[in-house]
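Chain residues, written in single-letter form:
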Amino acid sequence: MALSLAVSPCPNDTFVFHALVHGLIPGAEPVELTFADVDVTNTAAERGAYDLVKVSFAALPWLLDDYDLLPCGGALGRGCGPLVLTRDAGRFADGDLSGATVAVPGDRTTAYLLFRLWSKEHPPARIEVVPFHQIMPGVAEGRFDAGLVIHEARFTYPRHGLTALVDLGEWWEGDTGLPIPLGAILARKGAVDPAEAAEWIRKSVSMAWANPDASRDFVLSNAQEMEPDVVRQHIGLYVNEFTLDLGEEGFAAADALLGRGAAAGITPAVKPLAG
């Protein structure tokens, strides 16, 4: 039986997992791949739907009873935070979103947790959970006053005539000095050995870096119509040293995020993550 793996179709995930998915890691179990947005995987992981799964760090308090956090394969770094976008920068110049309707990519995403921490003094009137590829067009068309975006939107939002009200990564880094923990890879307890899975994923990352052309067709075919230049920027930003190993700083960032979420009454409290 193949292990079930669920990640996003975004370039960083397809780049990282190409070798593992295609059976190129000696000794690794075969995997059956499912693509899904992170809001979907956050919910599916609660049901134990996948053996290996990419989720938001912000969703961990609901998942760690059934899953082990792997120290590799995820998305964490600097200069890669979510953005709050608007077409009416003057209206919200002071960061006060009172009365606004804001589109977000998921209610248990790291992006939304950061947004709630940032906007807690002046929260918006209404939140709508929207697939992330619909957020920028929705803001541009006036269906939403602002939108919380992730991934390649960092590179493409000016095309929609939008302005960044705040870079939540810059805000987080300035406030904590830590990188921003976005996506985590989990291994379902009893289904896969976490140490073995971490070894497979690290080898997959190393193979992707050693021969980036090997995954090119796979990455581009799942990149949701992104131009090759945007794909390269995306991979360069989100696949970094933390993808290979979270390390002490990565675990500290995750603990800080979850600790602040719990202190604000947004997420359940969890024990510090093991480094």
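Residues numbered from 1 in each chain as written. Predicted model: local features only at pLDDT ≥ 70, side-chain atom pairs only at ≥ 80, totals over all residues. Heavy atoms only, no water.

- Labelled according to an unreviewed UniProt entry, the chain appears under the name 1,4-dihydroxy-6-naphtoate synthase, originating from Actinoplanes auranticolor.
- Check the Function (unreviewed entry) section of the UniProt entry for the chain; it says "Catalyzes the conversion of cyclic dehypoxanthine futalosine (cyclic DHFL) into 1,4-dihydroxy-6-naphthoate, a step in the biosynthesis of menaquinone (MK, vitamin K2)." (UniProt positions renumbered as here; feature names shortened; annotations may be inferred.)

Section: the overall build of the chain
- A count of helical and extended segments in the chain gives 11 helices and 11 strands.
- A total of 275 residues make up the chain; the buried ones form 53% of that total.
- Taking the contacts inside the chain whose residues are at least 6 apart along the sequence as the reference set, 78% of them involve residues at least 24 apart.
- Surface exposure of the chain reaches about 11600 Å², of which carbon and sulfur atoms provide 48%.
- Of the side-chain charges in the chain, 20 are positive and 36 negative, and the distance between the mean point of each set is 3 Å. (Helix = DSSP H or I, 4+ residues; strand = E, 2+ residues; numbered from the N terminus. Buried < 20%, exposed > 50% of the residue type's maximum accessible area, 1.4 Å probe, protein only. Contact = heavy atoms within 4.5 Å. Areas by Shrake-Rupley, 256 points an atom, 1.4 Å probe, with all protein chains shown as cover. Lys, Arg positive; Asp, Glu negative; His and termini not counted. Charge placed at Lys NZ, Arg CZ, Asp CG, Glu CD.)

A word on helix α1 (residues 11–21)
- Burial of α1 is extensive: 11 of the 11 residues sit out of reach of the surface.
- Looking only at α1, the buried set comprises P11, N12, D13, T14, F15, V16, F17, H18, A19, L20 and V21.
- Phi for G23, located one or two positions after α1, is positive at around 70 degrees.

Let's talk about the packing of aromatic side chains
- Counted under the stated rule, the structure contains 3 aromatic pairs.
- Here the aromatic rings of Y112 and F115 are separated by 6.3 Å at their centres, their planes lie at 20 degrees, and the arrangement is stacked. Taken together, the residues span about one helical turn, with Y112 and F115 both in helix α3 (residues 110–118) at a distance of 3 residues.
- Y112 sits in the buried class, given a relative accessible area of 11%. (Phe/Tyr/Trp six-rings, centres within 6.5 Å; stacked < 30°, edge-to-face > 60°.)

Considerations on empty space enclosed by the protein
- Using the criterion set out here, one finds 1 cavity of 30 Å³ or more in the structure.
- What the largest cavity holds in volume is close to 50 Å³.
- Around the largest cavity sit 13 residues that line it, and C72, G73, G74, G183 and L246 are the ones nearest its centre.
- Contributions of two or more residues to the lining of the largest cavity are made by β5 (75–77) and β11 (180–188).
- Per-element tally for the lining of the largest cavity: the top contributor is β11, with 3 residues.
- Considered class by class, the residues forming the lining of the largest cavity number 10 nonpolar, 3 polar and no charged. (1 Å grid on protein atoms, 1.4 Å probe; cavity = no way out; pocket = protein on both sides within 12 Å on 5 of 7 lines; lining within 4 Å. Points joined across faces, edges and corners; volume = space filled by probe spheres on them. Nonpolar A, V, L, I, M, F, W, Y, C, P; charged D, E, K, R; others polar.)

Some words on the environment of N12
- Within the fold, N12 resides in helix α1.
- Ignoring sequence-local partners within four residues, the contact set of N12 consists of K54, A75, H234, I235, Y238 and V239.

What to know about the state of the cysteines
- Under the defined criterion, the tally for this structure stands at 0 disulfides.
- We note that C10 lacks a disulfide partner, and the nearest cysteine sulfur, in C80, lies 13 Å from it.
- Here C72 is not disulfide-linked; the sulfur of C80 is the nearest cysteine sulfur, at 17 Å.
- A relative accessible area of 2% means that C72 is categorised as buried. (Disulfide = S-S within 2.5 Å.)

A look at the UniProt feature "active site" (unreviewed entry) in the chain
- Using the residue numbers shown here, the UniProt feature "active site" (unreviewed entry) corresponds to H151.
- By secondary structure assignment, the location of H151 is in the loop between β9 (146–149) and α5 (153–156).
- Once residues lying within four places of it in the same chain are set aside, the contact partners of H151 are C10, F132, H234 and Y238.

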